[in-house]
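Here is what each chain is made of, one letter per residue.
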Amino acid sequence: MSDHEVAPVLRIEGRVLVGPDEVRDGLWAVDGRITYERPPGADDAVTLTGWVLPGLVDAHCHVGLGHQGPVDAETSEKQALTDREAGTLLIRDAGSPSDTRWVDEREDLPKIIRAGRHIARTRRYLRNFAHEIEPGDLVAYVAQEARRGDGWVKLVGDWIDRDAGDLTACWPRGEVEAAIAEAHRLGARVTAHCFAEDALRDLVEAGIDCIEHATGLTEDTIPLFAERGVAIVPTLVNIATFPDLAAAGEARFPRWSAHMRRLHEGRYDTVRAAYDAGIPVFTGTDAGGSLAHGLIASEVAELVKAGIPALDALSATAWGARRWLGRPVLEEGAPADLVMYDEDPRADVRVLASPRRVVLNGRVTG
């Protein structure tokens, strides 16, 4: 079916998880939109059955990025399709050097909320990924990416400092404050990559909205995050790679390697402590770069392993994540973006790994 043909009327029967505690017996998809009223043409509707969740959210994903930097449109399409078939229908693209605006014209690909391109300190990030600049240019580049993105800007808050031999903060406090203020003035939220401890307080007190990875949270900074309502996206499937990274860098940067191992060992306790303190936690896989796409089910399972209750781990990729990003769930008139399963995902989040049907803009995909 081409993008210009009218989507068929769908009758979704089963248990529709409208919210964590709200279940309805079915819905309809008409012209790509959800309705709970029986529509004209219902007698000819295509019927699907199962347990229904809103399209899943990967809130830290990179479409258009490979391990050496930007990738071509064909590769970007494959990345997006892999996410779609895993049930990810909404992506917050947390930094990409590729122009993926063409995806917006494709009704068969996930919807993307872009953060523009990463903004990093010179020679303090992965080559070909980011704008690499000095602090005096931070405000200007944040303004540029705020205008190019979809309401988000992505900073690299810390990275290995070769002189120090360990992770250190990338930006002075004053420049960070000015840059975040400028992003907010332009209507954009700001997030930052942070593995370690040192950069967190300055970023949060400067007004940042989210921290990616957040493995460096401590007893001192967790209350600050909770007080300010700063969200975290732990990307635990990415943090699982820390031991291999540490081993590869042991000879040259032993201090950094030891630090990475400590952050890895404490990852579950850190996430659980953040959750217990009331910090908003959302799912992200960090797909792109060196990590495969389509891992959202694994990330939800990791949150549960960290001690987050299954229903809240589901919300971190479904209802809660969509509301955090300002996108609808399974409500009247919303885009018919949903995933169907054979069993109740609230009872066992491992169900997410086997979608029965994926419906995007009212069309069954695949």
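Overview of the structure. (Residues numbered from 1 in each chain as written. Predicted model: local features only at pLDDT ≥ 70, side-chain atom pairs only at ≥ 80, totals over all residues. Heavy atoms only, no water.)

1. Some thoughts on the side chain of Asp209
- By the element assignment, Asp209 lies in the loop between helix H4 (200-205) and strand S15 (210-213).
- A polar contact of 2.8 Å, which involves the side chain of Asp209, links it to the side chain of His184.
- Sequence-distant contacts of Asp209, defined by excluding residues within four places in its chain, comprise Trp152, His184, Arg189, Val190, Val230 and Ala231. (Helix = DSSP H or I, 4+ residues; strand = E, 2+ residues; numbered from the N terminus. Polar contact = N/O pair within 3.5 Å; in protein donor to acceptor, adjacent residues only side chain to side chain. Contact = heavy atoms within 4.5 Å.)

2. Remarks on the sheet that holds strand S1 (residues 10-19)
- Strand order in the open sheet formed by 7 strands is S3-S2-S1-S4-S18-S19-S20, and the pairing between neighbours is mixed. Two strands lie at the open edges of the sheet, namely strand S3 (33-35) and strand S20 (363-364), each paired on one side alone.
- The pairing of strand S2 (residues 22-30) with S3 spans 3 bridges and is classified as antiparallel. Within S3, the residue paired with Ala29 across the bridge is Ile34. (Pairing = 2+ DSSP bridges.)

3. Topic: the packing of aromatic side chains
- Counting across every chain of the model gives 6 aromatic pairs.
- Feature note: the residues Tyr125, Phe129, Trp159, Phe195 and Phe242 constitute an aromatic cluster, connected by ring pairs.
- Of note, Arg267 hangs over the ring of Tyr268, and the distance from its end group to the ring centre comes to 4.2 Å. (Phe/Tyr/Trp six-rings, centres within 6.5 Å; stacked < 30°, edge-to-face > 60°. Lys NZ or Arg CZ within 6 Å of the ring centre and 35° of its normal.)

4. A few points about the pairing of strand S19 (residues 357-360)
- For strand S18 (residues 338-341) and S19, the ladder comprises 3 bridges, and the chain directions are antiparallel. If you follow Leu338 over to S19, its bridge partner there is Val359.
- Bridging between S19 and S20 involves 2 bridges; their strand directions are antiparallel. Paired with Leu360 across the bridge in S20 is Arg363.

5. Quick look at the nonpolar core
- Membership of the largest hydrophobic core comes to 78 residues, with the highest contact counts inside it found for Leu138, Ile208, Ile211 and Phe225.
- Residues contacting Ile211, with those up to four places away along its chain left out, are Thr191, Ala192, Cys194, Leu200, Leu203, Phe225, Val230, Ala231, Ile232 and Val233.
- Leu10, Val18, Ala29 and Leu48 belong to the second largest nonpolar core, which has 16 residues in total. (Core = buried A, V, L, I, M, F, W, Y, C linked by side-chain atoms within 4.5 Å. Buried < 20%, exposed > 50% of the residue type's maximum accessible area, 1.4 Å probe, protein only.)

6. Quick notes on a positive patch on the surface
- Among the surface-exposed residues, Arg123, Arg127, Arg162 and Arg252 lie close enough to one another that they form a single positively charged patch.
- Looking at the secondary structure, you find Arg162 in the loop between strand S12 (158-161) and strand S13 (166-169).
- Look at Arg162 and you get partly exposed, because its relative accessible area is 37%. (Patch = residues over 30% accessible without salt bridge, like charges linked within 9 Å, V, L, I, M, F, W, Y side chains within 5 Å. Areas by Shrake-Rupley, 256 points an atom, 1.4 Å probe, with all protein chains shown as cover. Salt bridge = Lys/Arg side-chain N within 4 Å of Asp/Glu carboxyl O. Lys, Arg positive; Asp, Glu negative; His and termini not counted. Charge placed at Lys NZ, Arg CZ, Asp CG, Glu CD.)

7. Focus: the side chain of His118
- Assignment of secondary structure puts His118 in the loop between strand S8 (111-114) and strand S9 (119-121).
- When its relative accessible area of 0% is taken as the criterion, His118 is described as buried.
- Residues in contact with His118, not counting those within four places in the same chain, are His62, Leu65, Ala94, Gly95, Ser96, Tyr125, Phe129, Ala130, His131, Lys154 and Val156.

8. Focus: helix H7 (residues 242-249)
- Within H7 the residues assigned to the buried category are Phe242, Ala246 and Gly249. The buried residues of H7 all sit within an arc of 75° when viewed along its axis, so they share a single face. Facing away from the buried surface of H7 by more than 90 degrees, the exposed residues are Asp244 and Ala248.
- Those residues of H7 that are buried lie in contact with helix H6 (236-239) and helix H8 (254-265). (Arc of directions from axis to C-beta.)

9. Quick look at the environment of Pro40
- Assignment of secondary structure puts Pro40 in the loop between S3 and strand S4 (46-54).
- Pro40 sits in the exposed class, given a relative accessible area of 75%.
- In the structure, Pro40 is positioned 273 residues away from Ala313 in sequence and 38 Å away in space, judged by C-alpha atoms.

10. Focus on the pairing of strand S7 (residues 88-93)
- Among the 6 residues of S7, 6 are classified as buried, and the element is accordingly described as predominantly covered.
- Where S7 and S8 come together, 4 bridges link them in parallel fashion. The residue of S8 that forms the bridge with Arg92 is Ile113.

11. Section: the pattern of salt bridges
- The final tally for this structure, using the stated rule, is 27 salt bridges.
- Here Arg101 ties to Asp150 by a salt bridge, and the two come within 2.8 Å at their closest N and O atoms. Of the two residues, Arg101 sits in the loop between S7 and S8 while Asp150 sits in the loop between helix H2 (138-148) and strand S11 (152-156), which places them 49 residues apart along the sequence.
- Take Arg101: its relative accessible area is 32%, and that puts it in the partly exposed class.
- Note on Asp150: relative accessible area 28%, which makes it partly exposed.

12. Concerning the packing of H2 against helix H3 (residues 173-185)
- Where H2 contacts H3, the two axes come as close as 9 Å, and the packing angle between them is 25°. In terms of their interaxial angle, H2 and H3 are classed as roughly parallel. For H2 against H3, the interelement crossing comes out right-handed. On H3, the residues that touch Leu138, Val139, Val142, Ala143 and Arg147 of H2 are Glu175, Val176, Ala178, Ala179, Glu182, Ala183 and Arg185.
- Split by residue class, the contact of H2 with H3 holds 8 nonpolar, no polar and 4 charged. (Axes fitted to C-alpha atoms, helices over the stretch in contact; angles between N-to-C directions. Parallel < 35°, antiparallel > 145°, perpendicular 65-115°, else oblique. Left-handed = near helix turned anticlockwise from the far one by under 90°. Nonpolar A, V, L, I, M, F, W, Y, C, P; charged D, E, K, R; others polar.)

13. Quick notes on H3
- Between the first and last C-alpha of H3 there are 18 Å, a value that for 13 residues agrees with the 18 Å anticipated at 1.5 Å per step.
- When H3 is considered as a whole, its buried residues turn out to be Val176, Ala179, Ile180, Glu182 and Ala183. Projected down its long axis, H3 shows its buried positions confined to an angular sector of 160°, all on one face.
- If you follow the buried residues of H3, they end up packed against H2, strand S14 (189-194) and H4.
- Phi for Gly187, located one or two positions after H3, is positive at around 85°. (Expected span 1.5 Å × (residues − 1).)

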